[in-house]
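Coordinate analysis (summary)
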Amino acid sequence: IIVNLAPVDIPVAYGPAFEGESIRKPDTYLEAGGSSKTAVFELLRMRGEAEVEDGRITLIGKDVSEFEEGSATSLAILVDVYGKKMQEDFESVLERRIHLFLNFAQGIWHTGQRNLNWIRLSKDAVSSGVSLRHFGNILITKLKEEFSSIVSRVQVTIITDEEEVRRRLPEALERYAARDARLAGLTDESVDRFFTCGLCSSFAPGHICIIMPERLGLCGAINWLDAKAAQEIDPHGPNQIILKNEVIDSEKGQWSGVNDAVYEGSNHKLERVNTYSMMEDPMTSCGCFEVIIGMTSDMQAVFAVNREYGGMTPVGMKFSTLAGSVGGGKQTPGFMGIGRKYLVSRKFIPADGGFLRIAWMPKDLKESMREQLQERAEELGVPDFVDKIADETITTDTEGLINWMTEVNHPALSMLPLLQ
Ligand code: SF4
Ligand code: ZN
């Protein structure tokens with residue numbers, strides 16, 4: 001491992017070498033979000049010149065040293081930026097870098113995005129003197145370094161006070177919703193180009209996400225408009241234009257332009273990708289997928305499991321075990337990492353039967369997306385579908401799922417098996 005000299009003022013080593021580092025629960029001093037279920041969010045906002053004091057770091061609530069070892073805390077990371085050329089469209093692009101920049105620090109682990117992030121600080125890092133204020137040092141230094149053309153002032157507010165986090169959460173949710181709304185109406189057919197995202201290739205060599213209007217990056221943080229904005233900010237950066245070019249298979253979602261990009265991005269290991277299938281030449285996965293989807297043991301249906309769910313799935317594996325085989329930049333037919341919003345996309349694995357294939361997902365995931373799931377079910381003419389999706393309160397094994405599907409007459413039962 002090559003350890004870069006710390007370019008940011010923190011008491012631990014800093015550099016891409018630490019990006020893939022994971023921190024196990026027993027090695028964790030403090031965590032926020034994820035399976036600890038505390039209130040969390042991260043938000044980057046464009047502000048006026050007078051509203052941003054460059055370099056300012058504010059902490060509201062306790063810092064690490066005031067927590068006992070093994071605690072969980074609420075956590076908001078608020079980043080305010082100002083720059084003459086900054087645009088609102090760029091906010092989410094810069095916000096996604098929070099993930100990368102924090103992960104570069106030894107002993108800090110970050111996954112997820114928006115109000116679904118999950119952060120761990122290792123015991124070693126804390127004993128080396130890392131505090132939550134250092135998040136500010138990292139983000140201010142790196143954002144100004146990486147985005148010097150559009151950002152001239154950065155200030156960071158870190159909040160661990162639960163009430164204050166909850167008080168500010170609605171503003172964040174509003175911003176996220178506004179960003180998503182801008183994308184509505186765009187379809188894969190209505191554009192001539194998609195984008196690559198190669199941000200994760202440093203720890204998942206050969207992986208690129210194909211970002212399409214109806215399919216966001218598997219981390220859930222980069223949609224087509226974000227990728228487009230990122231490409232405008234930095235034409236030689238991690239997001240590149242893919243002209244669709246020739247349609248090779250419209251059912252499976254295969255274009256010559258996408259194949260070329262995947263061939264390049266995979267260091268010539270992969271020749272084709274079917275963007276509308278998880279069974280045949282599916283997209284690769286890095287490690288930051290919000291959700292893993294896969295075929296059930298009887299090959300009749302699809303299950304979905306989110307990162308925060310620690311229990312068993314009907315294929316006899318937990319998320320962590322599945323993640324071990326699905327990640328790392330490989331194609332794993334039958335399984336795939338996705339952003340959670342892709343579940344309700346009209347282009348959700350249409351080549352494999354689409355939305356109505358889904359037969360199981362954790363209750364938390366189902367409830368948190370119920371409205372969108374219901375909308376999609378109605379659109380497909382099966383208004384009672386959402387309640388036909390089993391969860392862990394119904395079953396966590398193959399047998400139980402088959403029985404459940406028969407009992408509710410699940411639509412996937414009348415489809416051809418996923419593997420024939
Ligand atoms: Fe980009 Fe995909 Fe990584 Fe998200 S998961 S940062 S879209 S490469
Ligand atoms: Zn990734």
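Residues numbered from 1 in each chain as written. Chains lettered and ligands numbered in written order. Predicted model: local features only at pLDDT ≥ 70, side-chain atom pairs only at ≥ 80, totals over all residues. Heavy atoms only, no water.

A separate point is the overall build of the protein. The helix and strand inventory of the protein stands at 10 helices and 17 strands. Taken over the C-alpha trace, the protein has a radius of gyration of 21 Å; the compact-globule value for 420 residues is 22 Å, and the two agree within 12%. Judged by the C-alpha coordinates and their principal axes, the protein covers about 60 × 50 × 40 Å. Of all 420 residues assigned to the protein, the portion counted as buried reaches 57%. Counted over contacts in the protein with a minimum sequence separation of 6, partners at least 24 positions apart contribute 73%. For the protein, the exposed area adds up to about 17400 Å²; of that, 49% sits on carbon and sulfur atoms. Taking the average place of the 44 positive charges on the side chains of the protein and the average place of its 61 negative ones, the gap between the two points comes to 2 Å. (Helix = DSSP H or I, 4+ residues; strand = E, 2+ residues; numbered from the N terminus. Rg over C-alpha atoms; globule rule 2.2 N^0.38 Å. Buried < 20%, exposed > 50% of the residue type's maximum accessible area, 1.4 Å probe, protein only. Contact = heavy atoms within 4.5 Å. Areas by Shrake-Rupley, 256 points an atom, 1.4 Å probe, with all protein chains shown as cover. Lys, Arg positive; Asp, Glu negative; His and termini not counted. Charge placed at Lys NZ, Arg CZ, Asp CG, Glu CD.)

We now examine the nonpolar core. Ranked by internal contacts, the top residues of the largest apolar core, which has 124 residues, are V79, L94, F135, I293 and L343. Counting contributing residues per domain, this core is built from domain 1 (16–183) and domain 2 (193–414), each supplying no fewer than three. When neighbours within four sequence positions are excluded, L94 is seen to be in contact with L44, M86, L143, F147, I150, V151 and I233. Core analysis: the second largest hydrophobic core is formed by 9 residues, A39, F41, L43 and A76 among them. (Core = buried A, V, L, I, M, F, W, Y, C linked by side-chain atoms within 4.5 Å. Domains from an automatic or database assignment.)

One open sheet accounts for 4 strands, arranged β4-β1-β7-β6; its pairing is mixed. If you trace the sheet from one side to the other, it starts and ends with β4 (71–72) and β6 (108–111), each paired once. Judged from the 5 bridges that link them, strand β1 (residues 28–33) and strand β7 (residues 118–122) form a sheet pairing that is antiparallel. For A32, the partnering residue across the bridge sits in β7 and is I119. (Pairing = 2+ DSSP bridges.)

Before going further, it helps to spend a moment on the site of ligand 1. Taken together, R96, C197, L199, C200, C209, I211, G217, L218, C219, I222, C286 and C288 form the complete shell of residues around ligand 1. Looking at the shell around ligand 1, its residues break down into 10 nonpolar, 1 polar and 1 charged. (Near = heavy atom within 4 Å. Nonpolar A, V, L, I, M, F, W, Y, C, P; charged D, E, K, R; others polar.)

Now for the coordination of the zinc ion (ligand 2). Summarising the metal site, the zinc ion (ligand 2) is bound by the protein donors C200 (SG), C286 (SG) and C288 (SG), whose distances to it range over 2.0 to 2.2 Å. Linear spacing of the donor residues for the zinc ion (ligand 2) on their chain is C-x85-C-x1-C. Placement of C200 in the loop between β9 (193–197) and β10 (209–211) and of C288 in the loop between α6 (256–265) and β14 (291–295) is noted, with a sequence separation of 88 residues between them. Accessibility assignment for this pair places C200 and C288 in one class, buried. (Donors = N, O, S within 2.8 Å, 3.2 Å for Na, K, Ca; no water.)

Moving on, we come to the packing of aromatic side chains. All told, the structure shown has 10 aromatic pairs when counted by the stated rule. For the ring pair W255 and Y276, a centre distance of 5.9 Å and an interplane angle of 85 degrees mean the geometry is edge-to-face. Here the residue W255 occupies a position in strand β13 (residues 254–255), and Y276 occupies one in the loop between α6 and β14, the gap between them amounting to 21 residues. You can call W255 buried: its relative accessible area is 7%. The class for Y276 is buried, based on a relative accessible area of 4%. Each residue in the set F194, W255 and Y276 is aromatic and connected to the rest through ring pairs, giving one cluster. Geometry around F67 places K62 over its ring, the cationic atom sitting 4.6 Å from the centre. (Phe/Tyr/Trp six-rings, centres within 6.5 Å; stacked < 30°, edge-to-face > 60°. Lys NZ or Arg CZ within 6 Å of the ring centre and 35° of its normal.)

Once that is clear, we can look at the pattern of salt bridges. What the rule picks out here adds up to 37 salt bridges. In this structure, the salt-bridge partner of R120 is E31, at a minimum N-O distance of 3.0 Å. Separated by 89 residues along the polypeptide, R120 in strand β7 and E31 in strand β1 bring together distant segments of the chain. Across the pair, E31 and R120 agree in class, each one buried. Here R97 and E146 are joined by a salt bridge, their closest N and O atoms 3.2 Å apart. One end of the pair, R97, is in helix α1 (residues 91–103); the other, E146, is in helix α3 (residues 133–146), and 49 residues separate them in sequence. A single network of salt bridges, built from pairs that share partners, joins R45, R47, E51, D80, E91, E95, E171, R175 and R179. (Salt bridge = Lys/Arg side-chain N within 4 Å of Asp/Glu carboxyl O.)

By themselves, these observations are geometric and do not establish any function.
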